[in-house]
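# Analysis of the macromolecular model
These are the residues of each chain, in order.
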Amino acid sequence: QVQLVESGGGLVQPGGSLRLSCTFSGSSFVVYDMGWYRQAPGKERESVAKITSGVLTDYADSIKGRFTISRDNAKNSVYLQMNDLKPEDTAVYYCNAQRGLYAPHWGQGTQVTVSS
């Protein structure tokens, strides 16, 4: 059974940086497309960044140029480097694992709060 565990969230001032990590277990990490989503209070969950098993990346327009997604297949991990954080980036960030048409897997989420 796939399990995803996020870490790295916290409180940061505007303009600051955080690096989120997600550790994958329970299956073959290399065949999964991975992603980061976020959900702010009162809003729907939205896609932030994705990285395929072939290491192709895709980003939401709102974070392009500020966030970078990467994966380390040797460590079964995916990362989200977040720079120049803004108050509107405040949300719970979720790790996602997707393989073909199978149901996606989700982590428990990690809170990111951007505030002075």
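Now for a quick tour of the structure. (Residues numbered from 1 in each chain as written. Predicted model: local features only at pLDDT ≥ 70, side-chain atom pairs only at ≥ 80, totals over all residues. Heavy atoms only, no water.)

## Regarding the pairing of strand E3 (residues 18-25)
Inspection of the sheet shows strand E1 (residues 3-7) paired to E3 by five bridges, in the antiparallel sense. Directly across from valine 5, in E3, lies its bridge partner threonine 23. Here E3 runs beside strand E8 (residues 77-82); their pairing, made up of six bridges, is antiparallel. If you follow serine 21 over to E8, its bridge partner there is tyrosine 79. (Pairing = 2+ DSSP bridges. Helix = DSSP H or I, 4+ residues; strand = E, 2+ residues; numbered from the N terminus.)

## Description of the pattern of salt bridges
It is possible for side chains of opposite charge to pair when their charged atoms get near one another. Taken as a whole, this structure holds five salt bridges when the rule is applied. Two residues, aspartate 61 and lysine 64, come together in a salt bridge whose shortest N-O distance is 3.3 Å. Salt-bridge contacts for aspartate 84 lead to lysine 86; the nearest nitrogen and oxygen are separated by 3.6 Å. On the basis of relative accessible area, aspartate 84 is assigned to the partly exposed category, the value being 39%. Because the salt bridges share partners, they merge into one network encompassing Arg38, Glu46, Arg66 and Asp89. (Salt bridge = Lys/Arg side-chain N within 4 Å of Asp/Glu carboxyl O. Buried < 20%, exposed > 50% of the residue type's maximum accessible area, 1.4 Å probe, protein only.)

## As for the packing of aromatic side chains
Evaluated as defined, the whole model comprises three aromatic pairs. Pairing tyrosine 37 with tryptophan 106 gives two aromatic rings, centres 4.9 Å apart and planes at 75 degrees, and the pair type is edge-to-face. Within this pair, whereas tyrosine 37 is found in strand E4 (residues 33-39), its partner tryptophan 106 is found in strand E10 (residues 105-106), the two being separated by 69 residues in sequence. Owing to a relative accessible area of 16%, tyrosine 37 belongs among the buried residues under this scheme. Accessibility expressed as a relative area gives 36% for tryptophan 106, which makes it partly exposed. Cluster of aromatic residues (ring-pair linked, three or more members): Phe24, Phe29 and Tyr32. Just above the ring of tyrosine 94 sits the side chain of arginine 45; from NZ or CZ to the centre is 3.7 Å. When the ring centre of tryptophan 106 is taken as origin, the NZ or CZ atom of arginine 45, which lies over that ring, is 4.6 Å away. (Phe/Tyr/Trp six-rings, centres within 6.5 Å; stacked < 30°, edge-to-face > 60°. Lys NZ or Arg CZ within 6 Å of the ring centre and 35° of its normal.)

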